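Chains, contacts and geometry: an overview
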Amino acid sequence: MKKTISIILCVLLIGAMVSCASKKSDDQATLTTRQSGESPLDDTEAVPKEDLFLISASESGSAVAGRSTEFRSASAYGVGLSSRRIELDQLKQTSRSPFTNEIKFVYKHSEVRSQSDIDDSIGTFYSQYDTYFNDTGWVEYLANSDLIVFYSGDGDAYGQQQCQEDELLQTARAFLQTCISAEALSKYTYRGMDDVYGMTALTFYRYIEGYQTDDVLSVYFADDGSIMGYNGRNACKYDAVTTELTKQKLDDATAKLTQKIDALELDILTRGDPVLTTNTSGEVFIEIWIRYDVTTEYEGTPITDTVTDSLYVRVS
């Protein structure tokens, strides 16, 4: 059936759950979010940081804590946090025209992430997105910037794409250049076309020194080749991180995390490739997920669960 705006939201916002809804005063919502393109480095960059290993544990129960005390809670350091919704008084009644001056979107709310799970202040790095609505859909901007990171429209998608991949790719690139600059887009690698709940999705990845990052751009199409949506919430963020990224640093961090994982001596079923991610302060981490079995006993009966944990190390 026809994919409505609400369906697009469900598809494009997987993993970006809203934890609660609240209002904050203007003072509470004051932002210090660094913007893409600002100088990311300061004098502290010359001082190496201590190794920091983190874990986002599976809800079914991780075995890592019982085998190592070196992994700290990722959320306490601003990694992997869910978002909450607020309304900013200073943005009420404001509007933006992202694609044409004739079509306006009016401010509705903002999605924010805290500095950490023990510090409720808004994070300083890619931690607030301002949402603007109209009758046709909505668009999101990275706070205090003109960077468009999300769009949801409408269209018919039955998994019967009428356009060829080359045509869709050309359309996707043209659309993305209305969201980010052509120079920025040149840093992304096209990864291919997929069917997502009937929509056609074209995806672009940002790589740094051969490492995949969590900076991913996805453009979603209706069957007639019109654009239904776009998700790029991490667009361009590695241009403004707090760490100078070199292959040596990334290789060293990956080796350290791999050694820690191997030392756990878990019966690992599979593990992910290293991926770059960040916390709400702009620090860069290598993430590797692992999947393994954990066996417990309940009333004398052994029960085996498959657990997935995400493990991180700070790149310094």
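Residues numbered from 1 in each chain as written. Predicted model: local features only at pLDDT ≥ 70, side-chain atom pairs only at ≥ 80, totals over all residues. Heavy atoms only, no water.

What about the overall build of the chain?
- Across its full length, the chain carries 4 helices and 19 strands.
- Burial status across the chain gives 47% buried among its 316 residues.
- Partitioning the contacts of the chain with sequence separation of at least 6, the portion at a separation of at least 24 is 63%.
- A total accessible area of about 15,700 Å² is found for the chain, and carbon and sulfur atoms account for 47% of it. (Helix = DSSP H or I, 4+ residues; strand = E, 2+ residues; numbered from the N terminus. Buried < 20%, exposed > 50% of the residue type's maximum accessible area, 1.4 Å probe, protein only. Contact = heavy atoms within 4.5 Å. Areas by Shrake-Rupley, 256 points an atom, 1.4 Å probe, with all protein chains shown as cover.)

Some words on the pairing of strand β12 (residues 188-196)
- Across 8 bridges, β12 lies against strand β13 (residues 199-208) in antiparallel orientation. Paired with T189 across the bridge in β13 is Y205. (Pairing = 2+ DSSP bridges.)

Here we look at the pattern of salt bridges
- Inspection of every chain in the model, using the stated rule, returns 13 salt bridges.
- In this structure, K92 engages D89 in a salt bridge whose closest nitrogen and oxygen atoms are separated by 3.3 Å.
- Between D146 and R96 there is a salt bridge, and its shortest N-O distance comes to 2.5 Å. Of this pair, D146 sits in the loop between β10 (137-142) and β11 (148-152) while R96 is found in strand β5 (residues 95-96), placing the two residues 50 residues apart along the sequence.
- The class of R96 is partly exposed, set by a relative accessible area of 22%.
- Connected through shared salt-bridge partners, K187, R206 and D239 make up one network. (Salt bridge = Lys/Arg side-chain N within 4 Å of Asp/Glu carboxyl O.)

Description of the packing of aromatic side chains
- All chains considered together, the criterion is met by 12 aromatic pairs.
- Residues F133 and W138 carry aromatic rings whose centres are separated by 5.1 Å and whose planes lie at 25 degrees to one another, so their mutual orientation is stacked.
- We classify F133 as partly exposed; its relative accessible area is 29%.
- Measuring from centroid to centroid gives 6.1 Å for W138 and F150, while their planes differ by 25 degrees, and the two rings are stacked. Taken as a pair, W138 in strand β10 and F150 in strand β11 lie far apart in primary sequence, 12 residues in all. (Phe/Tyr/Trp six-rings, centres within 6.5 Å; stacked < 30°, edge-to-face > 60°.)

Comments concerning helix α2 (residues 165-176)
- Its 12 residues give α2 an end-to-end C-alpha distance of 16 Å, which sits within 8% of 16 Å, the value for a rise of 1.5 Å per residue.
- Taken residue by residue, α2 has L168, L169, A172, F175 and L176 as its buried positions. Seen end-on, α2 carries its buried residues on one side only, within an arc spanning 130 degrees. Along α2, the residues that are exposed and aim more than 90 degrees away from the buried face are D166 and Q170.
- Turning to α2, the residues buried within the fold contact β11, α3 (182-185), β12, β13, β14 (211-221) and β15 (227-231). (Expected span 1.5 Å × (residues − 1). Arc of directions from axis to C-beta.)

Topic: the side chain of D309
- Structurally, D309 is set in strand β19 (residues 301-314).
- Nearest to the buried, unbridged D309 among oppositely charged side chains is R67, at 9.5 Å.
- Among the polar contacts listed, one links the side chain of D309 to the side chain of S62, at a separation of 2.6 Å.
- Among the polar contacts listed, one links the side chain of D309 to the side chain of Y292, at a separation of 2.4 Å. (Lys, Arg positive; Asp, Glu negative; His and termini not counted. Polar contact = N/O pair within 3.5 Å; in protein donor to acceptor, adjacent residues only side chain to side chain.)

Details of the confidence of the model for the chain
- Per-residue confidence for the chain averages 87 on the pLDDT scale, and 84% of its residues sit at or above 70.
- This stretch, residues 1-33, has a pLDDT under 50; its non-local contacts, to residues over four places away or in other chains, come to 77 contacts.
- In this model residues 35-44 is a low-confidence stretch, pLDDT under 50, and it forms 21 contacts with partners more than four residues away in sequence or in other chains. (pLDDT = per-residue confidence, 0-100.)

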